[in-house]
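A structural walkthrough
Listed here are the chains, written in short residue letters.
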Amino acid sequence: MKNIRRQRGFTLLEIMIALTIFAVISTLAWQILDGAMRTTSATDASAAKLNELQRAWSLMERDFFQLQARAPRNEPDLFLQEGDAVELTTLNGVSGTVQLERVRWRLEKGRVYRDVWPVIDSPADVKPEEVPIISEVKSMQWRFYHNGWQKSWDDSAHLPDGVELTLTMENGDSWRWVFTTPGDMPDAAVAPQPGDTPDAAAAPQPGATPDAAAAPQTVAGNAPAPDVKS
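Attention here is on the structure that accompanies the text. Here the structure is a predicted model, which is why all the values come from computation and not from measurement. (Residues numbered from 1 in each chain as written. Predicted model: local features only at pLDDT ≥ 70, side-chain atom pairs only at ≥ 80, totals over all residues. Heavy atoms only, no water.)

1. With respect to the overall build of the protein chain
- Looking only at helices and strands, the protein chain has one helix and nine strands in total.
- Start at the N end of the protein chain and walk to the C end: the helices and strands fall as α-β-β-β-β-β-β-β-β-β.
- By the burial criterion, 26% of the 230 residues in the protein chain qualify as buried.
- Contacts in the protein chain between residues at least 24 apart in sequence constitute 48% of all its contacts with a sequence separation of at least 6. (Helix = DSSP H or I, 4+ residues; strand = E, 2+ residues; numbered from the N terminus. Buried < 20%, exposed > 50% of the residue type's maximum accessible area, 1.4 Å probe, protein only. Contact = heavy atoms within 4.5 Å.)

The following block contains the structure:
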């Protein structure tokens, strides 16, 4: 009589247990992968936001540090503030050439824009190029320094000595930046031209005698008596 070998398979219970273990492991692996993907996305978003802020700070620092006392021909304002917008003249290097540039920083619909005019003396109807710099901004507040901090700048014919900007983001973060400016540069002294003569009032006149008030006076009776030796 021949021995017949029977192949023993998995029971239904063993298969159910194996499937349950596989499902648990797959769920844990998916949670780990999903958490890693969420962390990567949050990190990328934070890095992109930080890059926006660093770019904005760099542009503002350059604009205010190179602030120029030069107004466009079609308006008399050197430094103009209107609400949360600030308009000024700065320097910009294009292809190795430094030239004057009129810019305006402003907040509109949650975005900070840097408006740039094509040329500083553009006609009044020319619109600037609107460049978005920072997004998701809730508020934008300026302060200006000149003999103390001021919440607004009304003297558009002069330049502040410093500028402070406080940005409040939609997520609640706040950024406070302080920039120094050249301020009002002192007027340069005019060098004397060849052929110029000194002021007539300062030069002595011919035949004039020194002022009597400048000469030493001798008061009678107050002069010391000479020593007499016997």
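Here the narrative resumes.
2. Concerning the environment of Pro160
- Inspection of the secondary structure puts Pro160 in the loop between strand E7 (149-150) and strand E8 (162-169).
- For Pro160, a relative accessible area of 0% gives the class buried.
- Setting aside anything within four residues of it in sequence, one finds Pro160 in contact with Phe79, Phe144, Tyr145, Trp153, Thr181 and Gly183.

3. Digging into the side chain of Asp77
- Looking at the secondary structure, you find Asp77 in the loop between helix H1 (12-65) and strand E1 (80-82).
- Buried and unpaired, Asp77 has Arg102 as its nearest opposite-charge partner, separated by 6.0 Å.
- Engagement of the side chain of Asp77 in a polar contact is seen with the side chain of Ser156, the distance being 2.8 Å.
- What Asp77 contacts, discounting residues up to four positions off in sequence, is Ala71, Pro72, Arg102 and Ser156. (Lys, Arg positive; Asp, Glu negative; His and termini not counted. Salt bridge = Lys/Arg side-chain N within 4 Å of Asp/Glu carboxyl O. Polar contact = N/O pair within 3.5 Å; in protein donor to acceptor, adjacent residues only side chain to side chain.)

4. Brief notes about the sheet that holds strand E9 (residues 174-180)
- Read across the sheet, four strands follow the order E7-E6-E8-E9 without closing on themselves; strand pairing throughout is antiparallel. Single-partner strands in this sheet number two, and they are E7 and E9.
- Pairing geometry for strand E6 (residues 137-145) and E8, over eight bridges, is antiparallel. By the bridge assignment, Gln141 is partnered in E8 with Thr166.
- Sheet strands touched by H1: E6, E8 and E9. Its angle to E9, the strand with the most contacts, is close to 20°. (Pairing = 2+ DSSP bridges. Axes fitted to C-alpha atoms, helices over the stretch in contact; angles between N-to-C directions.)

5. Some details on unusual backbone geometry
- The phi torsion at Lys109 lies on the positive side, around 55°, for a residue other than glycine.
- Considering the arrangement of structural elements, one finds Lys109 in the loop between strand E3 (97-108) and strand E4 (111-116).
- Residue Lys109 is classed as exposed on the basis of its relative accessible area, which comes to 81%.
- Unlike most non-glycine residues, Asn147 shows phi in positive territory, near 55°.
- For Asn147, the location among the structural elements is in the loop between E6 and E7.

6. Points about the pairing of E3
- Summarising the sheet, E3 and E4 pair through six bridges and their orientation is antiparallel. Bridging from a neighbouring strand, Arg104 pairs with Asp115 of E4.

7. Overview of the nonpolar core
- Core analysis: the biggest nonpolar cluster contains 30 residues, and Met60, Phe79, Ile134, Met140, Trp142, Leu167 and Trp177 have the highest contact counts within it.
- At the level of secondary structure, the elements contributing two or more residues to this core comprise H1, strand E2 (85-94), E3, E4, strand E5 (129-134), E6, E8 and E9.
- With five residues, H1 is the single largest residue contributor to this core. (Core = buried A, V, L, I, M, F, W, Y, C linked by side-chain atoms within 4.5 Å.)

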